[in-house]
Amino acid sequence: MYFRRSLISTTIVMCTLTSCSQAQDRKTIDQIFYEVSGPVKTMTERQDMTHMAAYSKDTSYSIYYFSPKGDLSKIEFYNSFHEDKPGVATIGNITYFKKQQGDKRFYTKIQADNKFETEYYTLQKVNATTLKYNLSAAMGKDTMTKVFTLNKHNRFTQSVSSGRVYRFPATKKLDYFYDEQGKPERIIVTDTETKQSVEATLKNATYDQYGNMLQGTYTDPDNKTVYTINRSYTYYTAP
């Protein structure tokens, strides 16, 4: 039971922005990866893991900034994981878009207080059905590669991770399933080393006029909540 819920929670936290809204055919690589539709200016996502005792008093959220063309420009992550101001969320790290070379986009994550670089990652749409994500730690030798398979509507059908992230193996395969309207329905997470698989079902999901998810809850096969999504958006043009 612990393994099952822990695996689902960890995977959804790491991949929560992959396959959580209704996609459209023509999108930038960032719109595909972060699954946003329409002229999104900002997206704010709150991570709710209050059902887990270790996080019951913590608050965290991220703000994603997009250009009018749909390219990601910056991510700000806020959290209350500190002792001096318990329960008060302050900015922890910032991810910036750095440059683009051909069809590959480069990003850097820094600590907000001292500007220390902690991570680098790239996004690349290899072809019409493949998107590739690479992450490397600024210190150490940890690297992770994640390859996404897309359908003709730029929705994820599968992702396969390999490598290590902060000394933990990143050996996961995710299979994504949708309902008849093309909205997320469930995911199956498989540890490619142990071959253990678990399933998470999305329930009570709501969407805005562009098909972007506003709320949703992932539950395990025992109907226990493993992760809750809460998002809000601003747009460059009114719908």
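For the structure, check the block above.
Keep in mind that this is a model prediction, so the values were computed, not measured. (Residues numbered from 1 in each chain as written. Predicted model: local features only at pLDDT ≥ 70, side-chain atom pairs only at ≥ 80, totals over all residues. Heavy atoms only, no water.)

## Considerations on the overall build of the chain
Note the following rule: A run of H or I in DSSP becomes a helix once it reaches four residues, and a run of E becomes a strand once it reaches two; helices and strands are each numbered from the N terminus. Think of it in three bands: with a 1.4 Å probe and only protein chains considered, a residue is buried below 20% of the maximum accessible area for its type, exposed above 50%, and partly exposed in between. Throughout, a contact is declared for two residues whenever any of their heavy atoms are within 4.5 Å. Note on areas: Shrake-Rupley, 1.4 Å probe, and residue coverage restricted to the protein chains presented here.
From N to C terminus, the chain includes 2 helices and 15 strands. Each of the 239 residues in the chain was classed as buried or not, and the buried ones make up 46%. Counting contacts in the chain only where the partners sit at least 6 residues apart, residues at least 24 apart contribute 36% of the total. Of the roughly 12300 Å² that the chain leaves accessible, carbon and sulfur atoms contribute 51%.

## Things to note about the side chain of Asn79
The topology assignment puts Asn79 in strand S3 (residues 72-79). Among residues more than four places away in sequence, those in contact with Asn79 are Thr59, Ser60, Val88, Ala89, Thr90 and Gly92.

## Describing the nonpolar core
Note the threshold: We define a nonpolar core as any set of buried Ala, Val, Leu, Ile, Met, Phe, Trp, Tyr and Cys residues linked to one another through side-chain atoms lying within 4.5 Å.
Ranked by internal contacts, the top residues of the largest apolar core, which has 40 residues, are Tyr34, Leu72, Tyr121, Leu131 and Tyr133. Sort the elements by how many residues they give to this core and strand S15 (residues 225-235) lands first, with 5 residues. Setting aside chain neighbours within four positions, we find Leu131 in contact with Ile29, Ile32, Phe33, Leu123, Gln124, Lys125, Lys146, Val147, Phe148 and Leu150.

## A look at the pattern of salt bridges
The cut-off we apply is this: Salt bridge, as used here: a side-chain nitrogen of Lys or Arg that lies within 4 Å of a carboxyl oxygen of Asp or Glu.
Using the criterion set out here, one finds 8 salt bridges in the structure. Arg105 is paired through a salt bridge with Asp30; the nearest N and O atoms lie 2.9 Å apart. Taken together, the positions of Arg105 in strand S5 (residues 104-111) and Asp30 in helix H2 (residues 29-34) put the pair 75 residues apart, joining distant regions of the chain. Its relative accessible area of 3% is what places Arg105 among the buried residues. On the basis of relative accessibility, which here comes to 0%, the residue Asp30 falls in the buried class. In this structure, Lys109 and Glu119 form a salt bridge, with 3.3 Å as the shortest nitrogen-oxygen distance. Placement of Lys109 in strand S5 and of Glu119 in strand S6 (residues 117-127) is noted, with a sequence separation of 10 residues between them.

## Re the packing of aromatic side chains
Here is the rule: Each pair of aromatic rings taken from Phe, Tyr and Trp, with Trp reduced to its six-membered ring, is defined by centres within 6.5 Å and is described as stacked if the planes are under 30 degrees apart, edge-to-face if over 60, and tilted in the remaining cases. Put simply, a charge is over a ring when the Lys NZ or the Arg CZ is close to the ring centre, within 6 Å, and near the line of the ring normal, within 35 degrees.
Scanning the model with the defined rule gives 13 aromatic pairs in all. Here the guanidinium or amino end of Arg186 rests over the ring plane of Phe177, the centre of that ring lying 4.0 Å away.

## Observations concerning unusual backbone geometry
The backbone phi angle of Asn154 is positive, close to 60 degrees, even though this residue is not glycine. Summarising the element assignment, Asn154 is placed in the loop between strand S8 (143-150) and strand S9 (156-165). Asn154 gets classed as buried once you look at its relative accessible area, which sits at 5%.

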